[in-house]
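# Fold and geometry: a report
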Amino acid sequence: MLELQTKQQANPAVKKRKWLDSEGRWGLLLVSPYLIHFLVFVVGTSVASLYFSFSDYDILNPPKWTGLDNYAKLFEDPLFYRSLWNTVYFTILYVPAKTFLALLLAVALNQKLKGLKFFRMVHFLPVISSWTVIAYVADAVFNQRIGFANAFLTKLGIAPQNWLIDEFWVIPVLVLIAIWKSVGYMMIIFLAGLQGISSDMYEAASIDGANAWQKFWRVTVPMISGTTFLVVILNTIYSFQNFEQIFVMTGGSTEAGSTGGANNASLVLMLFMFRQAFSFFKMGYASAIAWVLFLILLAITLIQFKLQKKWVHYD
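A quick note: this is a predicted structure, and the numbers were derived from the prediction, not measured.

Conventions used here
Residues numbered from 1 in each chain as written. Predicted model: local features only at pLDDT ≥ 70, side-chain atom pairs only at ≥ 80, totals over all residues. Heavy atoms only, no water. Core = buried A, V, L, I, M, F, W, Y, C linked by side-chain atoms within 4.5 Å. Buried < 20%, exposed > 50% of the residue type's maximum accessible area, 1.4 Å probe, protein only. Helix = DSSP H or I, 4+ residues; strand = E, 2+ residues; numbered from the N terminus. Contact = heavy atoms within 4.5 Å. Salt bridge = Lys/Arg side-chain N within 4 Å of Asp/Glu carboxyl O. Polar contact = N/O pair within 3.5 Å; in protein donor to acceptor, adjacent residues only side chain to side chain. pLDDT = per-residue confidence, 0-100.

Formed by 63 residues in total, the largest nonpolar core has its most connected members in Ile177 and Phe272. The dominant element in this core, judged by the number of residues it contributes, is helix α8 (residues 170-194), at 15 residues. With near-sequence residues (within four places) excluded, Phe272 lies in contact with Leu74, Asp77, Leu79, Phe80, Ser83, Leu267, Tyr285 and Ile289.

Counted under the stated rule, the structure contains one salt bridge. Two residues, Arg82 and Glu167, come together in a salt bridge whose shortest N-O distance is 3.7 Å. Of this pair, Arg82 sits in helix α4 (residues 78-108) while Glu167 sits in the loop between α7 (148-155) and α8, placing them 85 residues apart in sequence. For Arg82, a relative accessible area of 27% gives the class partly exposed.

Summarising the element assignment, Ser53 is placed in the loop between α2 (22-52) and β1 (55-56). Ser53 sits in the buried class, given a relative accessible area of 0%. Side-chain polar atoms of Ser53 contact the side chain of Tyr71, separated by 2.9 Å. In this view, Ser53 contacts Gly67, Asn70, Tyr71, Gly284, Ser287, Ala288 and Trp291; residues no more than four positions away in its chain are not counted.

Positive phi is not limited to glycine here, since Ile59 has a value of about 75°. Taking relative accessible area as the criterion, Ile59 reaches 39% and is therefore assigned partly exposed. You will see that Phe281, though not glycine, has its phi angle at about 55°, which is positive. The residue Phe281 is located in the loop between α13 (269-278) and α14 (283-307) in this model.

This part takes up the confidence of the model for the protein chain. Any residue range with low pLDDT should be treated as having predicted coordinates unsuitable for detailed reading. When the pLDDT values of the protein chain are averaged, the result is 86; 89% of them are 70 or greater. No element of the protein chain has a lower mean pLDDT than strand β3 (residues 254-255), at 41, and none a higher one than helix α3 (residues 69-74), at 95. Confidence over residues 252-258 falls short of pLDDT 50; this stretch has 13 contacts with residues more than four positions distant or in other chains.

See below:
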């Protein structure tokens, strides 16, 4: 900016470029489809949902302004706290386990191995599979009557388990299935970070007498801390927004008018919001849930960005 001002002072013929000149207009024209989509379907719907969250709205009738009534009812609703706890419990199990496993797979598949591309493809294949397909595979393993897991337990003399119905097992099993489906995506992100580490750093560590574990802990982990931070953020957001998996795999059971397995053991916030909106047509109430979820995710993300200064290194 200072250089441009200096040139203008030195040569009055040099004029400040207008952002709506011919080139600027063509640029706006080319990005206009995305801008229209963003304004209508992102900004517009967000503003509408914010208004609905302060209204009594059932789709069939015009919304009626009710102020903070939806939020007051929400914080008095035991199903909200149940779904919030289930979401937090899912996140606590899911984020560390998936991050650690994705890193281990990335380190293993970053080596010079035969059939490396094949192994990478095998680990990434579940990522591109739909949850309907994954549900069939999971049913073959965790089905109460014919699943491999119960067949194995029976051989050990242990009683079969109702994996996706039992209150104790449903969230851990859902976490296990979710990790298997999506760990390949995070593995690719970690692979990109690992391949950005200079081999000179490992050579220097070897000269200093570092073993494999010390190289991993003292070189690899600090150098990919930025990648790890990104993976943690993405996993946290996904775990709070997880809907399709739970709807497909535990969406058949009903309890007190809400889907979420026996005693609402798998009722998470997204599923709770979906049922309020499309089963009971409480669009205003569902919008309030959506904005509370947004604020929770915003607070968690801001805390993570605040804490990153203590362990993330970008140099």
